[in-house]
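Remarks on the overall topology
Residue-level listing of the chains:
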Amino acid sequence: MLSIGAAAQNYSWVGTYAGDGISGLLNGPLDVARFRTPYGIAIDDSAGVMYVADAENHCIRRIQNGIVMTLAGGVQGDQDGQGANARFFVPTGVFYHDGYVYVSDNGNHRIKRIDQAGNVVTIAGTGTPGTADGPGYVAEFYNPVEVSVRQDGVIFISDYGNHTIRKIENGNVTTIAGYPGMSGDQLGTGTNARFNRPTGIALDTLDNLYVADQMNHKIKVISPANVVSLMAGNGVQASVDGIGAAASFTRPTYLAWDPTGGLMVAEWMGDLIRRVTLQGLVTTVAGSGQTGYLDGPVLSAMFNAPYGIAVDQRGNAYIGDKENHVVRYLAKQNESLLNLPDRSATASLILHPNPANSTATVSWPGPSAPAVVELIDARGARVQAGVRRYADRAELDVAALPPGLYTVRLQGEGLMGTVRLVRD
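Residues numbered from 1 in each chain as written. Predicted model: local features only at pLDDT ≥ 70, side-chain atom pairs only at ≥ 80, totals over all residues. Heavy atoms only, no water.

Things to note about the pairing of strand β4 (residues 49–54)
In summary, the side chains of a regular strand alternate between the two faces of the sheet. Of all six residues in β4, six are buried, a share of seventy percent or more. Neither face of β4 is left uncovered, since the one carrying V49, Y51 and A53 and the one carrying M50, V52 and D54 both have all their residues buried. In terms of strand pairing, strand β3 (residues 38–44) meets β4 through five bridges, oriented antiparallel. Its bridge partner lying in β4, A42 is registered against Y51. Remark: four residues form the turn of the hairpin made by β3 and β4, two consecutive strands paired antiparallel; G48 in that turn has positive phi of roughly 65°. Across six bridges, the pairing between β4 and strand β5 (residues 59–64) is antiparallel. For D54, the partnering residue across the bridge sits in β5 and is C59. The antiparallel hairpin formed by β4 and β5 contains four residues in its connecting segment, where H58 sits at a positive phi of about 60°. (Buried < 20%, exposed > 50% of the residue type's maximum accessible area, 1.4 Å probe, protein only. Helix = DSSP H or I, 4+ residues; strand = E, 2+ residues; numbered from the N terminus. Pairing = 2+ DSSP bridges.)

Thoughts on the nonpolar core
Ranked by internal contacts, the top residues of the largest apolar core, which has 23 residues, are Y11, V14, M264, I273, A286, I309 and L330. Elements that contribute at least two residues to this core include exactly β23 (252–257), β24 (263–267), β26 (281–286), β28 (306–311) and β29 (317–321). Among residues more than four places away in sequence, those in contact with A286 are V14, L272, I273, V298, L299, F303 and L330. Residues F35, I41, I43 and A310 belong to the second largest nonpolar core, which totals 19 residues. (Core = buried A, V, L, I, M, F, W, Y, C linked by side-chain atoms within 4.5 Å. Contact = heavy atoms within 4.5 Å.)

What about the side chain of R150?
With respect to the helices and strands, R150 occurs in the loop between β13 (144–149) and β14 (155–159). In this structure R150 comes out as buried when scored by relative accessible area, which is 16%. There is a polar contact of 2.9 Å between the side chain of R150 and the side chain of D152. (Polar contact = N/O pair within 3.5 Å; in protein donor to acceptor, adjacent residues only side chain to side chain.)

Points about the pairing of strand β8 (residues 91–97)
The element β8 is largely enclosed, with a buried count of six among its seven residues. Where β8 lies against strand β9 (residues 100–105), six bridges are found, and the strand directions are antiparallel. If you follow H97 over to β9, its bridge partner there is Y100. Hairpin remark: β8 followed by β9, antiparallel, with two residues in the connecting loop; positive phi at D98, about 55°.

Focus on the environment of L209
Here L209 is to be found in strand β19 (residues 209–213). When its relative accessible area of 2% is taken as the criterion, L209 is described as buried. Between the alpha carbons of L209 and N226 there is a distance of 9.1 Å; along the sequence they are 17 residues apart. In this structure L209 touches F156, I165, I201, A202, L203, K220, V221 and I222, once residues within four positions along its chain are discounted.

Observations regarding the pattern of salt bridges
Going through the model one piece at a time under the given rule, you end up with 18 salt bridges. Among the salt bridges present, the one from R166 reaches D133, with a minimum N-O distance of 2.8 Å. One end of the pair, R166, is in strand β15 (residues 164–169); the other, D133, is in the loop between β11 (119–124) and β12 (134–135), with 33 residues separating them in the sequence. Given a relative accessible area of 0%, R166 falls into the buried group. Two residues, E169 and K167, come together in a salt bridge whose shortest N-O distance is 3.3 Å. (Salt bridge = Lys/Arg side-chain N within 4 Å of Asp/Glu carboxyl O.)

Examining unusual backbone geometry
That bond from H352 to P353 is cis: its omega, -10°, falls within 30 degrees of zero. Relative to the elements of secondary structure, P353 occurs in the loop between β31 (350–352) and β32 (359–363). Residue P355 is bonded to the preceding N354 through a cis peptide linkage, with omega at 10°. Looking at the element boundaries, P355 is found in the loop between β31 and β32. One non-glycine residue with positive phi stands out, namely V90, at about 55°. The topology assignment puts V90 in the loop between β7 (81–82) and β8. Although it is not a glycine, R251 adopts a positive phi angle of roughly 55°. Within the fold, R251 resides in the loop between β22 (242–243) and β23.

A look at the sheet that holds β3
Strand order across the open sheet formed by five strands is β2-β6-β5-β4-β3, with antiparallel pairing between neighbours. Edge positions in the sheet fall to β2 (28–29) and β3, since each of these pairs with one other strand and no more.

In structure tokens, the structure reads:
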């Protein structure tokens, strides 16, 4: 939820947080784990835990202490149960609240909840697409995308296929904005308003609900009285900074507040991360606008369909980079990331052999501690991570890489450092 602040987060760097860029389902350390189209992201700052809706793996992943694991699911289906016995069908949204992870099970048209032991229960939706309001066991959704939970436990859902915003309160589902099954672009109150494929939603501390109205290319806001108004965007499919209706978006998807009161927007077809102030000022904070996979300075970095977005208490943003199959981060260059301790100290790296034509070992002095080692090409793209990793060294396989100059980058506990590698 929104925490009002004075100045915008000063982002400077986009990096890869988790995943090696290869589509798959693999648990393990951040740099070797694999995802298949990660969508929504949720953070429990109190425990330093991240949850990821790993959509096409049909599961929910949990990242804790630098390790990626599967909390629940992993096989397509529709089944309550514990851990691997549970089944999802393209889960797209996750939200952490009071010890539970709430899930939009998109392909099953249901809303589910997971406890910390991985027990999954359905709280609303029959599994049949439809528009019916009512008690959770008779209510219907149509491809719900995102879920958000108010401090008092009331649940909000972007019902993508129905073009509506729904609410679950005391087990009862109601439609609070948009007319079921009717797309459009209209401000107004309750069912008089119109959306076109609403996706991301985010609450502020005054219980206003902000909505990424994706196919209308706008950000709208719903008051506690269910009055829908415009925050930013003019409906033109473009990526233009500006204020209010002078700005434009290219299919905005998920939303998250940063600690300084800015609404972060993942813009999936623009391959950008945008930010909107409460006054409606829209700025581009990351991405070159070109589709690709490139870490580096914020406005040079490339994404490929950024979807989910979450922000930790330090202000670092984490993005589900869907088509790159990784979770990226957006931070100050030396900021400490969730699950990764302070990286502000510089380490002297030793690389042998150098030049190398098959394998190279990078090592670093100091106390033994986990670290992430990345290999960066001349364009700044992350091309490899250490596949064998020890407390104080990592082995890099460079045999398949073209000749040239590369950078080996270390990020670990109390350490960060770089060294040049020549592939001969």
